[in-house]
Every structure is written in structure tokens, then in C-alpha cells.
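A look at the structure
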Amino acid sequence: MEKLQVLEVVQQKYGEVARGERSGCGCGSTQSVAAAIGYSDEDVQFASDANLGLGCGNPLALSGIQPGMTVLDLGSGAGFDAFLAWRKVGPTGRVIGVDMTDDMLARARDNAAKLGAANVEFRKGNIEALPVDSNSVDLVISNCVINLSPDKPAVFREIARVLKPGGQFAVSDIVLLAELPEVVKIDVSAYVGCISGASMMGDYIRMALEAGLAQLTVPEIMHGSKLAAVLGGETSGCCGTDPVAMAAASAVASIKLHGKKS
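Conventions used here
- Residues numbered from 1 in each chain as written.
- Predicted model: local features only at pLDDT ≥ 70, side-chain atom pairs only at ≥ 80, totals over all residues.
- Heavy atoms only, no water.
- Salt bridge = Lys/Arg side-chain N within 4 Å of Asp/Glu carboxyl O.
- Helix = DSSP H or I, 4+ residues; strand = E, 2+ residues; numbered from the N terminus.
- Buried < 20%, exposed > 50% of the residue type's maximum accessible area, 1.4 Å probe, protein only.
- Phe/Tyr/Trp six-rings, centres within 6.5 Å; stacked < 30°, edge-to-face > 60°.
- Lys NZ or Arg CZ within 6 Å of the ring centre and 35° of its normal.
- Pairing = 2+ DSSP bridges.
- Axes fitted to C-alpha atoms, helices over the stretch in contact; angles between N-to-C directions.
- Contact = heavy atoms within 4.5 Å.
- Parallel < 35°, antiparallel > 145°, perpendicular 65-115°, else oblique.
- Left-handed = near helix turned anticlockwise from the far one by under 90°.
- pLDDT = per-residue confidence, 0-100.

All right, on to the pattern of salt bridges then. On inspection of all chains with the given rule, the structure shows eleven salt bridges. Arg206 is the salt-bridge partner of Glu210, the closest N and O atoms lying 3.2 Å from each other. One end of the pair is Glu210 and the other is Arg206, both in helix α9 (residues 201-210) and four residues apart, which spans about a single turn. Residue class for Glu210 comes out exposed when judged on its relative accessible area of 59%. The class of Arg206 is partly exposed, set by a relative accessible area of 36%. Of the charged contacts in the structure, one is a salt bridge between Glu220 and Lys256, with a shortest N-O distance of 2.9 Å. Highlighted residues: Glu220 in strand β6 (residues 213-223) and Lys256 in strand β7 (residues 252-261), separated in sequence by 36 residues. A relative accessible area of 35% places Glu220 in the partly exposed class. Because the salt bridges share partners, they merge into one network encompassing Glu42, Asp43 and Arg87.

A few words now on the packing of aromatic side chains. By the definition in use, this model includes four aromatic pairs. Between Phe83 and Phe122 the ring centres are 5.7 Å apart and the planes differ by 70 degrees, which places this aromatic pair in the edge-to-face class. Note that Phe83 is positioned in helix α4 (residues 80-89) and Phe122 in strand β3 (residues 120-124), a separation of 39 residues in sequence. Take Phe83 and Phe122: they sit in the same class, and that class is buried. Here Arg87 stacks its cationic end above the ring of Phe46, 4.8 Å away from the centre of that ring.

Right, let's talk about the sheet that holds β7 for a bit. Read across the sheet, seven strands follow the order β3-β2-β1-β4-β5-β7-β6 without closing on themselves; strand pairing throughout is mixed. Unpaired on one side and paired on the other, β3 and β6 mark the two borders of the sheet. Strand-to-strand, the axes of this sheet are offset by a mean angle of 15 degrees, without reference to chain direction. Helix α6 (residues 152-162) rests against β1 (70-74), β4 (137-143), β5 (163-176), β6 and β7 of the sheet, and its axis sits at about 155 degrees to β5.

This brings us to the packing of α6 against α9. Following both chains from N to C, one finds α6 and α9 inclined at 40 degrees, their axes separated by 8 Å at the closest point. One finds that α6 runs oblique with respect to α9. Read as a crossing pair, α6 and α9 show a hand that is right-handed. Seen from α6, the contacting residues are Lys152, Pro153 and Phe156; seen from α9, they are Tyr204, Met207 and Ala208.

Before going further, it helps to spend a moment on the confidence of the model for the protein. Mean pLDDT over the protein stands at 83; residues scoring 70 or higher make up 76%. Within the model, pLDDT remains below 50 along residues 233-240, and this stretch shows 33 contacts once partners closer than five positions in the same chain are excluded.

Laid out in C-alpha cells, this is it:
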């Protein structure tokens, strides 16, 4: 798919999720999916209206977030991770969420008002060209979003640009362990379901290094078959029970990638 087509398809799908017209990836409840990928019951209860069951991990886990930090959430959706970060940075910190989908932004801003999260801001923009000042962020987080980008090297360059010297990033994402079946590669629904747009794990890490990010670690890897079992079955998405979907699941993994700007 062309880059513009990818962005349009992704925007359409996540707009439908924001409006409640379709679910995220998986057939389980948003609460059960969140618990299975690393969120506590307290997390889910704290920001339940913002949990749409769209992630593939908990990027805040092991991230070392501290009070007073400025945190940037790439592809912030309805604000679930942004609000959990807000709880940790406290009143002296700041959280910025960036999303390209108007319906998601509206839902996130409504959730912020309900929570009284005055120091959380949601901005419209693409993660390949962030509407954020250079050298202004302490921690960048993202949850199952970079894999959807048709220009992942640009995303990592933007992460490096906005981070302060010594700033850190912590992302959860889908990567490939093996080549996907051709039928999955060309499936638009598989792209927006986190699969056909994913990069090989080595390439994903190389992109971060080439952007100037350093001290990379992969503290967690979840095999795709386990992720599919967690999420339940969609026949066309990032999980499923038909043979093609299960073959795709066996070729992917959910990873946490951490690093910093030198």
C-alpha cells in the first residue's frame, strides 16, 4: 500500500473504534485484554473510559517514570497510557498525547476533563512529524502504534529529535520473527490489525539505532501465538483462529524496546 493509503485506512479504522462502531484487536473484553498484556486492575479502574483494548503491552512497565517528567505518548488514542503516565508524573509533570484521528482526540479530551487532568494535552498530528518542540521531552512512550506507520525510520528520528539529551523512550510494539504469508502482507485489515505493517525485529532495532538512539534493551518479548491466545480470535486482524491468521501469529512477537538519547 502507498503511504497515504495506509494512513487513511488506519485513521478510518481507529475513528470507528473511537466512535464505538468496532472493537480493537481481539474478542476479549477491554478489561481482560488490558490485564493480560500487563496492566493492573488499579490501572484499568483509574482510566477505564480510555481503555479501548488496542494495545499489545504496557509501555509504562519498567519505564522508570518519575514525578515532574514531561511524557509524550505517540498515538495516544483515547488517552489510556497518557492518563496512567499523568498519575505518575504528578502535578509538577506534563503529559502530551499525539494522535491523527479527530474522534480519538475528542474522546481523549473528554476523558481528560472527566479526570481533571489539567496538565495532560492532546494534539493532532502524525507521529512521523510530531507537533512537539525539539529537546523538550523526558520520556516517549507508545503502545502498538509505530508498527502501523508506513515510515518507521521517520518516527524514530522524531523520537530522537523531541527527547532531551539523556531522555528515554519505552515502547511496546509488534515485530516480525519471520516473513508473513503473502496473503497477509497484502491484507489491509491485517495492516490496521498490527500485522502486515510490522518490521522484522532486527530491522526495527536497526531503525532506532540509525536515528541516533542508544543503550537499547528489549526487556520483554511475547510470542505472537501467546498474544493471539490472550486477545481471542478475529479472522482478519492481529489475531485469529483460521489457518492464515494463526500462521501470521506464529511469525510475530510483541516486544518492549527501551533506549535513550545520548
